[in-house]
Amino acid sequence: MDKSSLPEPLEVDQTRPTVWLRREDLFPGRDNLFLTIIAGADIDFGREHRMNKDVTVIGRSEESDIQLNDARVSRRHAKLTILAAPNEEGFFMVELLDLGSTNGTFVNNAEVSRAILRQGDKVRLGETILKIQARDEGEVRYHQRLYDMATKDGLTQLFNKNYFEETLKRQLSIANRNMRLLSLLMIDLDRFKNLNDEYGHLAGDVVLQKFAGILRDTCRQQDIAARWGGEEFVVILPETDVHGAVRIAERLRQIIEEMDFIVNNIQIKVTISIGVSSYPDDVNPNQEVTNSGEGISSLSKELVENADRALLWVKNNGRNATSRYNQLR
């Protein structure tokens, strides 16, 4: 190749290899750079990350800018840096650097320790693949809508059951690894079938939507609320012990009890029952918990079942109350 036709080298640091790029390989701005997860864990799939920082660290650690739920990804696996392109004012390039990962970093199936990424390149870390692209706002909204359709309940716009289950496993893995607390609320709208029978299913849907909005507003920023199914809802409360969880549950219950749900100019009274379970207090003390997928799945299942048992006790003993699983033992 005749190098006289190429631009000046983008890298003048003699400790690094010279990289030759054409203008069409550069990014024409830095405000519309996105990484999209196109393969990996269900909870990660489809997620998009706007690269709005000069440096973005990707890894399994919760301190990473992009946290991946992939056991083959190192805690700090790779780093992306946005750099101004020499001799091309207003253009940028993205440098990828492996941070000494255990299983390596790959770009378009070639293992690299360092690389300059181009539009559409696919970066593989463990079993996860991320694609780098420059997008306009229309494309951003389109992909966000697709992600919402995959992860959220269509009626209430809370997260769906599948997203909840995967998120609970991830949160339990963090809690188990770092010796942190976590609680779970299982919520049921009392006698919801009677409400549907008396006012109709459309009125029931409006009540579910209104309740979901109240639940969303009551939750803290770190909490994760989801629709479990029908008239049942669940909330993950990170960094929360059983007493804190009961306080949150009771605040929500009292708000609902005192509220009038207005549907088609009809006043409808609604109450809820809530079951609470907490980690690590409400899990089998003889169970050996590991951060393996099987161990975390077992722990997740046990925590959900215990919250459900506490909820069932409330429903069998008058409803419109909160019960802790450890009160039943």
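1. Comments concerning the overall build of the protein chain
So, point 1. Counting secondary structure elements, the protein chain contains 6 helices and 18 strands.
So, point 2. Across the 329 residues of the protein chain, 47% fall into the buried class.
So, point 3. Nonlocal contacts in the protein chain, meaning residues at least 24 apart in sequence, comprise 58% of its contacts between residues at least 6 apart.
So, point 4. Accessible surface, the protein chain: about 16900 Å² in total, of which carbon and sulfur atoms supply 46%.

2. What to know about the confidence of the model for the protein chain
So, point 1. Mean pLDDT for the protein chain: 87, with 90% of residues reaching 70 or above.
So, point 2. Note that pLDDT drops below 50 for residues 1-18; the model gives that stretch 24 contacts with residues more than four away or on any other chain.

3. Points about the sheet that holds strand β8 (residues 110-112)
So, point 1. One open sheet holds the 6 strands; their spatial order is β2-β1-β11-β10-β7-β8, and the pairing between them is antiparallel. Unpaired on one side and paired on the other, β2 (48-50) and β8 mark the two borders of the sheet. For this sheet, the mean angle separating the axes of adjacent strands, direction not counted, is 30°.
So, point 2. Direction of pairing for strand β7 (residues 105-107) relative to β8: antiparallel, over a ladder of 3 bridges. By the bridge assignment, V107 is partnered in β8 with A110.
So, point 3. Lying on the sheet, helix α1 (residues 137-151) is in contact with β1 (33-39), β2 and β11 (128-134); it crosses β2 at an angle near 145°.

4. Focus on the side chain of T167
So, point 1. Residue placement: T167 occurs in helix α2 (residues 161-178).
So, point 2. Of note is the side chain of T167, whose polar atom sits 2.8 Å from the backbone oxygen of Y163.
So, point 3. Residues in contact with T167, not counting those within four places in the same chain, are I43, I224 and I236.

5. Overview of unusual backbone geometry
So, point 1. Here the amide bond leading from Y279 into P280 is cis, since omega sits at 10°, within 30 degrees of zero.
So, point 2. Along the chain, the position of P280 falls in the loop between β17 (272-279) and α6 (293-315).
So, point 3. For Q157, which is not glycine, the phi dihedral falls at a positive 65°.
So, point 4. Positionally, Q157 belongs in the loop between α1 and α2.
So, point 5. Positive phi is not limited to glycine here, since M179 has a value of about 55°.
So, point 6. With respect to the helices, strands and loops of the structure, M179 is situated in the loop between α2 and β12 (182-189).

6. Observations regarding the packing of aromatic side chains
So, point 1. Inspection of every chain in the model, using the stated rule, returns 3 aromatic pairs.
So, point 2. Centroid distance F159 to Y163: 4.0 Å. Interplanar angle 15°. Geometry classified as stacked.
So, point 3. Note on F159: relative accessible area 22%, which makes it partly exposed.
So, point 4. One residue, R124, lies across the ring of F106, its end atom 4.2 Å from the ring centre.
So, point 5. We note K152 situated over the ring of F159; from NZ or CZ to the ring centre the distance is 5.7 Å.

7. Here's the deal with the packing of helix α4 (residues 201-218) against helix α5 (residues 242-258)
Axis angle and axis distance: for two packed helices, these are the angle between their axes and the distance between the axes, and together they describe the pair.
So, point 1. Running from N to C, α4 and α5 cross one another at 140°; their axes reach a closest spacing of 11 Å. α4 and α5 meet at a crossing whose hand is right-handed. Facing F211, I214, L215 and T218 of α4, the residues of α5 in contact are R251, L252, I255 and I256.
So, point 2. Broken down by class, the residue content of the contact of α4 with α5 amounts to 6 nonpolar, 1 polar and 1 charged.

How each quantity is defined
For every chain, the first residue of its written sequence is number 1, and the numbers climb from 1 along that sequence. Selection of residues for local features in this predicted model requires a pLDDT of at least 70, selection of side-chain atom pairs for listing and counting requires 80 or more, and totals for whole chains, interfaces and linings are taken over all residues. The basis for every side-chain value is the complete set of heavy atoms in the structure, and neither hydrogens nor water enter the calculation. Helix numbering and strand numbering both begin at the N terminus, where a helix is a DSSP run of H or I of at least 4 residues and a strand a DSSP run of E of at least 2. For every residue, the accessible area obtained with a 1.4 Å probe (protein chains only) is divided by the maximum for its type, and the residue is called buried under 20%, exposed over 50%, and partly exposed between those limits. Whether two residues are in contact is decided by their heavy atoms: any pair within 4.5 Å suffices. Surface exposure here means Shrake-Rupley accessible area, sampled with a 1.4 Å probe, where a residue is shielded only by the protein chains that are shown. How sure the predictor is of each residue is captured by pLDDT, a score from 0 to 100. In this scheme, strands are said to pair when DSSP sees at least two bridges between them. Here, axes are lines fitted to C-alpha atoms. For helices the fit covers the stretch in contact, and angles between N-to-C directions go from 0 to 180 degrees. Any pair of N or O atoms that falls within 3.5 Å is considered a polar contact. Within protein, one atom must be able to donate a hydrogen and the other to accept it, and sequence-neighbouring residues count only if both atoms are side-chain atoms. Any Phe, Tyr or Trp ring, taking Trp's six-membered ring, that has another such ring centre within 6.5 Å forms a pair; planes under 30 degrees apart are called stacked, those over 60 apart edge-to-face, and the others tilted. Here, a charge over a ring is recorded when the distance from Lys NZ or Arg CZ to the ring centre is within 6 Å and its angle to the ring normal is within 35 degrees. Left-handed describes a crossing whose near helix is turned anticlockwise from the far helix through less than a right angle; right-handed describes the clockwise counterpart. Note that Gly is not counted as nonpolar here; it falls among the polar residues with everything else outside the nonpolar set of Ala, Val, Leu, Ile, Met, Phe, Trp, Tyr, Cys and Pro and the charged set of Asp, Glu, Lys and Arg.

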